[in-house]
Amino acid sequence: MMYNNLNNLSPEDEEELRQLEGQITELFALLEKSEIQISLLKDENSQLKAQIQKLQQKSRPSQYKSPQVETIKVPKEVIPTIIPADTSLRQNKRKCPNCGAMGFSIKEVDDKTKIICYSPRRIYMKKRVCTKCRFEF
Ligand SMILES: [Zn+2]
């Protein structure tokens, strides 16, 4: 359609056509530049992908190791041995031989008449006092 009318264009139309042709060449130049940028970015992208793969291969073994260590440590060391043994020992000790009161009725205090050592600071023997009958043991 357009090409059929090229021969009988008015001067105004010719001027517009030149401007449009100029814009087209500019756009092609831009297109070329952007294509060059795209190819550069593609190269960069493939390089980055390769780096990511390397990093993933490095990080994988350590990521799998650390949770294994933690799951082994938690049940074996912390929960079964220390906490129940400690509380059961304290519960056994904390019983008044006079009235039989247990647990929080028994308070541990320093026995100031029995000094274990003087330096670097004074450490006293511990004694237990029943808060119910004031019995010391
Ligand atoms: Zn008591």
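Below you will find a few notes about this structure. Here the structure is a predicted model, which means the values were calculated and not measured.

It is worth spelling out the overall build of the protein chain at this point. Assigned secondary structure in the protein chain consists of one helix and two strands. Traced from its N-terminal end to its C-terminal end, the protein chain shows the element sequence α-β-β. Counting over 137 residues, the protein chain shows a buried share of 7%. Contacts spanning at least 24 positions in sequence make up 33% of the contacts within the protein chain whose residues lie at least 6 apart. A total accessible area of about 12700 Å² is found for the protein chain, and carbon and sulfur atoms account for 56% of it.

This part takes up the coordination of the zinc ion. Binding of the zinc ion to the protein goes through Cys-96 (SG), Cys-99 (SG), Cys-130 (SG) and Cys-133 (SG), at separations of 2.2 to 2.3 Å. If you look at the zinc ion, its four donor atoms make angles of 106 to 118 degrees with each other, and the shape they trace is tetrahedral. Sequence spacing among the residues donating to the zinc ion works out to C-x2-C-x30-C-x2-C.

Turning to the pattern of salt bridges, a few remarks are in order. The final tally for this structure, using the stated rule, is five salt bridges. Across the pair Glu-108 and Arg-128 runs a salt bridge whose closest N-O atoms are separated by 3.2 Å. Residue Glu-108 is found in strand β1 (residues 106-117), and its partner Arg-128 is found in strand β2 (residues 123-130); the two are separated by 20 residues along the sequence. The class of Arg-128 is buried, set by a relative accessible area of 18%.

Moving on: the side chain of Ser-105. Summarising the element assignment, Ser-105 is placed in the loop between α1 (11-93) and β1. Look at Ser-105 and you get buried, because its relative accessible area is 12%. If near-sequence neighbours (up to four positions away) are discounted, Ser-105 is found in contact with Val-129, Cys-130, Thr-131 and Lys-132.

Our focus in this paragraph is the packing of aromatic side chains. One pass over the structure, following the stated rule, counts one aromatic pair. When the ring of Phe-135 is compared with that of Phe-137, the centres are 6.1 Å apart and the planes differ by 20 degrees; the resulting orientation is stacked. Judged by its relative accessible area of 29%, Phe-137 is partly exposed.

This brings us to the side chain of Lys-127. Residue placement: Lys-127 occurs in strand β2. The residues touching Lys-127, leaving out its near neighbours within four places in the chain, are Lys-107, Glu-108, Val-109, Asp-110, Asp-111, Glu-136 and Phe-137.

Calculation rules
- All residue numbers refer to positions counted from 1 along the written sequence of the respective chain.
- In keeping with the model being predicted, local features are shown solely for residues with a pLDDT of at least 70 and side-chain atom pairs are shown and tallied solely at 80 or more, while totals for entire chains, interfaces and linings include all residues.
- Side-chain calculation: all heavy atoms of the structure are included, whereas hydrogens and water are not.
- The way it works is that DSSP assigns letters per residue, a run of H or I at least four long becomes a helix, a run of E at least two long becomes a strand, and they are numbered from the N terminus.
- Partly exposed residues are those whose accessible area sits between 20% and 50% of the maximum for their type, while under 20% is buried and over 50% is exposed, using a 1.4 Å probe and protein chains only.
- Any two residues having at least one pair of non-hydrogen atoms within 4.5 Å are treated as being in contact.
- In these tables, accessible area is a Shrake-Rupley quantity obtained with a 1.4 Å probe, and a residue counts as shielded only by the protein chains included in the view.
- In this description, a donor is an N, O or S atom within 2.8 Å of the metal centre, a cutoff extended to 3.2 Å for sodium, potassium and calcium. Water is not part of the atom list, which can make sites seem incomplete.
- Think of it this way: with four donors and all angles in the 85 to 135 degree range, the site is tetrahedral; with four or six donors, opposite ones beyond 155 degrees and the rest between 65 and 115, it is square planar or octahedral; otherwise it is irregular.
- Any Lys or Arg side-chain nitrogen located within 4 Å of an Asp or Glu carboxyl oxygen qualifies as a salt bridge.
- In this scheme Phe, Tyr and Trp rings, the latter by its six-membered ring, pair at centre separations within 6.5 Å, and the angle between planes marks the pair as stacked below 30 degrees, edge-to-face above 60, and tilted otherwise.

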